[in-house]
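Next come the chains, spelled out residue by residue.
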Amino acid sequence: TKFNNELYPEYVTFKYPKVGEKNAIVSIHTYNLSGKKHRIYDLGKDTDIYIPRIKWTNSSEQLMIYKMNRHQNELELILADTKSGSTKSLLKETSKYYIDITDDIRFLENDKQFIWSSEKSGYNHLYLYGLNGKQEAQLTHGDYDVTSFYGVDEKNKMIFYQAAAKSSLQREVYRAGINGGKPTLLSPKGGTSSAQFSSTYDYMVITRSTANSPATYAVYDRSGQLVRTIEDNKQLSQTQKQFGVSDVEFFTIKTDEGVALNAYKILPTNFDAKKSYPVLMYVYGGPGSQTVTDSWKGQNYWWFQQLAQQGYMVVSVDNRGTGARGEEFKKMTYLNLGKHETADQIAAGKYLATLPYVDAKRIGIWGWSYGGYMSSLCLLKGNEVFSTAIAVAPVTNWRWYDSVYTERYMRTEDENPDGFSDNSPINFVDRLEGDYLLIHGMGDDNVHWQNTVEMANALIKANKQFDTYFYPNRHHGITGGNARLHLYTKMTNFLLENL
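Residues numbered from 1 in each chain as written. Predicted model: local features only at pLDDT ≥ 70, side-chain atom pairs only at ≥ 80, totals over all residues. Heavy atoms only, no water.

When you look at the overall build of the protein in this model, what are you seeing that I'm missing?
When helices and strands are tallied, the protein shows nine helices and 27 strands. Principal axes of the C-alpha set define a box for the protein whose edges measure 75 × 60 × 50 Å. Counting across all 499 residues of the protein, residues that qualify as buried make up 51%. Sequence-distant contacts in the protein: of pairs separated by 6 or more residues, those separated by 24 or more amount to 54%. For the protein, the exposed surface amounts to about 23400 Å²; the carbon and sulfur share of it is 46%. Looking at charge distribution, the protein has the averaged site of its 55 positive side-chain charges lying 3 Å from that of its 55 negative ones. (Helix = DSSP H or I, 4+ residues; strand = E, 2+ residues; numbered from the N terminus. Buried < 20%, exposed > 50% of the residue type's maximum accessible area, 1.4 Å probe, protein only. Contact = heavy atoms within 4.5 Å. Areas by Shrake-Rupley, 256 points an atom, 1.4 Å probe, with all protein chains shown as cover. Lys, Arg positive; Asp, Glu negative; His and termini not counted. Charge placed at Lys NZ, Arg CZ, Asp CG, Glu CD.)

The following block contains the structure:
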């Protein structure tokens, strides 16, 4: 392609390699404006690769290139010299599953070291490396995940990060020394905290919430002492009391396979253990995600409270494959997305059915995106447990979801035909026995409209009755022009009629 612009005549014309030549699929270029020097960097012989990140070090002569294979289970950091054009392999990581890419990398001012996060210990932790590729220290330790890396205070040799160190349900903000030592807790105890730091790390704004209290925003100094409160959201807390909300309560469900699953419940208003109530389960369940956290739930919280006031018990369960419980728990769904997740949700439904105050014939499930995929599978494969399901923007056939996501967890259909066929709802429509509401935005550029069209056709072919609701020109979030209110009104009415 030719770059032709009279305002920038010094720009070079890039000549890209032809298909079949070295680096024909992805190539990395730099162009020196003053020296008018264009370079293409050697990324090796394999052309079927991803370059998920490129990042400058602190030097304009050193560029860090992330290179990943098609299966996304091998990651190589390549250091490119922009002056000479040479490259060298700095660090390689492999996984029997896949490697989660993050932006957790910081290059130190000495131009000799960088900090990097990795799950190689079985949990996500921070490590200090030299620019020679050698690990110099592990900066965080333990059977927990570091969930965000905020940065480095090089003057005081401190790192700042968020972790699920106390519980997978919670998040805390910590500081720790680059040279070792015990981490210091900077955030208030309990709930979920995140932080934004000043450029010198002398001050931070901590956002903290719990499942039953909305977020507060406050400024703290580097020692964790409160400086001032920005917003305490007392008015919203008072509104909760005014409307008589039911508390979110956490509990654990143990499956027949011996897996302990985190869960929460919202009991009906004026709950009476001698009565029998319908249950609506809320699921997302995708890789590394969580719905069961001690944090404010936002929009869905108020819908759930409305349902509780109308006599429904609302429950959410984090199945296997979800986050903050280490690599094995998260990645054990590899090559079989949906299999273990669905089994866990069905097991949770069976457990709830044994509770004396649950109407076992009125257990429903709903979800959006991956959650819509899950609610569909649960209604079909768990038709003896679930009587009702709502699926918003669901994946119905892994063949139609985007390649970088699907192949990360499933590889290709040619490599893993059983994984694709055994875990796509479209192949189990003959099992539909309950009430099913299928919803999609027709302009969805994430989970494409094709997923729902094919699901509808499969249900029609199987002579299965179902309800549909489509939103013209709406994207994956189904917003704009009163669409959200319209959607939640429809879902509420569907539940009142069918659950």
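What is the right way to read the pairing of strand β27 (residues 467-471) from this model?
The two faces of the sheet receive side chains in turn, since in a regular strand these alternate between them. Across five bridges, the pairing between strand β26 (residues 435-441) and β27 is parallel. Across the sheet, the residue bridging to Gly 441 is Tyr 471, located in β27. Taken together, β26, helix α8 (residues 450-461) and β27 constitute a β-α-β crossover, and its handedness is right-handed. (Pairing = 2+ DSSP bridges. Right-handed = clockwise from strand over helix to strand, strands pointing away.)

Mind showing me how you'd approach the side chain of Arg 408 here?
Relative to the elements of secondary structure, Arg 408 occurs in helix α6 (residues 403-410). Of the side chains bearing the opposite charge, Asp 100 lies closest to the buried Arg 408, which forms no salt bridge; the N-O distance is 5.2 Å. The contacts of Arg 408, once residues within four sequence positions are left out, are His 71, Gln 72, Tyr 98, Tyr 334 and Ser 403. (Salt bridge = Lys/Arg side-chain N within 4 Å of Asp/Glu carboxyl O.)

For this particular structure, what's the right way to read the sheet that holds strand β19 (residues 226-231)?
Neighbouring strands of a sheet are bound in pairs by backbone hydrogen bonds; such pairs are parallel or else antiparallel. Spatially, β16-β17-β18-β19 is the arrangement adopted by the four strands of the open sheet, whose pairing is antiparallel. Edge positions in the open sheet fall to β16 (192-197) and β19, since each of these has one partner strand only. For this sheet the average axis-to-axis angle between neighbouring strands, irrespective of direction, equals 25°. (Axes fitted to C-alpha atoms, helices over the stretch in contact; angles between N-to-C directions.)

When you look at the sheet that holds strand β22 (residues 277-282) in this model, what are you seeing that I'm missing?
Taken together, the eight strands give an open sheet; going across it, the order is β20-β21-β23-β22-β24-β25-β26-β27, and neighbouring strands pair in mixed fashion. Of all strands in the sheet, those with a lone pairing partner are β20 (248-254) and β27, marking the two edges. Between one strand axis and the next, the sheet turns through 20° on average, direction left out of account. This element, helix α9 (residues 483-498), spans β22, β24 (358-368), β25 (388-392), β26 and β27 of the sheet and lies at about 175° to β26.

It is not clear to me how the pattern of salt bridges should be interpreted in this structure. Could you clarify?
Where charged atoms from two side chains of opposite charge come close, those side chains can pair. The full count for this structure, using the stated rule, is 16 salt bridges. A salt bridge links Arg 53 to Asp 103; the nearest nitrogen and oxygen atoms lie 2.7 Å apart. Highlighted residues: Arg 53 in the loop between β3 (49-50) and β4 (54-56) and Asp 103 in the loop between β7 (87-94) and β8 (105-107), separated in sequence by 50 residues. With a relative accessible area of 24%, Arg 53 lands in the partly exposed category. It is possible to trace a salt-bridge network through shared partners that takes in Asp 100, Glu 119, Glu 327, Lys 330 and Lys 331.

Teacher, can you tell me more about α8 here?
Each α-helix winds once per 3.6 residues, and so residues spaced three or four apart point in a common direction. The first and last C-alpha atoms of α8 sit 16 Å apart over twelve residues, in line with the 16 Å expected at 1.5 Å per residue. Looking only at α8, the buried set comprises Asn 451, Thr 452, Met 455, Ala 456, Ala 458 and Leu 459. Down the axis, α8 shows its buried residues gathered within 165° of arc, on one side only. Across α8 from its buried face, at more than 90 degrees, point the exposed residues Ile 460 and Lys 461. Considering only its buried residues, α8 is in contact with α5 (370-381), β26 and β27. (Expected span 1.5 Å × (residues − 1). Arc of directions from axis to C-beta.)

How should I be thinking about the side chain of Asn 423 in this particular structure?
As for its position among the elements, Asn 423 is in the loop between α7 (417-422) and β26. A relative accessible area of 1% means that Asn 423 is categorised as buried. A distance of 3.3 Å separates a polar side-chain atom of Asn 423 from the backbone nitrogen of Lys 339. Setting aside its immediate chain neighbours within four residues, Asn 423 contacts Asn 336, Leu 337, Gly 338, Lys 339, Tyr 373, Leu 377, Lys 381, Trp 398, Asp 418 and Phe 428. (Polar contact = N/O pair within 3.5 Å; in protein donor to acceptor, adjacent residues only side chain to side chain.)

Help me out: how do you make sense of the packing of helix α4 (residues 339-353) against α5 in this one?
Packed helices, taken two at a time, are described by the angle their axes make and the gap between the axes. At a minimum axis distance of 9 Å, the contact between α4 and α5 shows a crossing angle of 65°. α4 and α5 meet at a crossing whose hand is right-handed. For the pair α4 and α5, contact is made by Glu 341, Thr 342, Gln 345 and Ile 346 and by Tyr 370, Met 374, Leu 377, Cys 378 and Lys 381, respectively. Of the residues belonging to the contact of α4 with α5, the class tally is five nonpolar, two polar and two charged. (Left-handed = near helix turned anticlockwise from the far one by under 90°. Nonpolar A, V, L, I, M, F, W, Y, C, P; charged D, E, K, R; others polar.)

When you look at the nonpolar core in this model, what are you seeing that I'm missing?
One recurring pattern in soluble globular proteins is that nonpolar side chains are buried together. Core analysis: the biggest nonpolar cluster contains 54 residues, and Met 281, Phe 386, Trp 398 and Tyr 436 have the highest contact counts within it. At seven residues, the largest contribution of residues to this core is made by α5. Listed in part, the 31 residues of the second largest apolar core include Ile 266, Tyr 282, Ala 393 and Ala 483. (Core = buried A, V, L, I, M, F, W, Y, C linked by side-chain atoms within 4.5 Å.)

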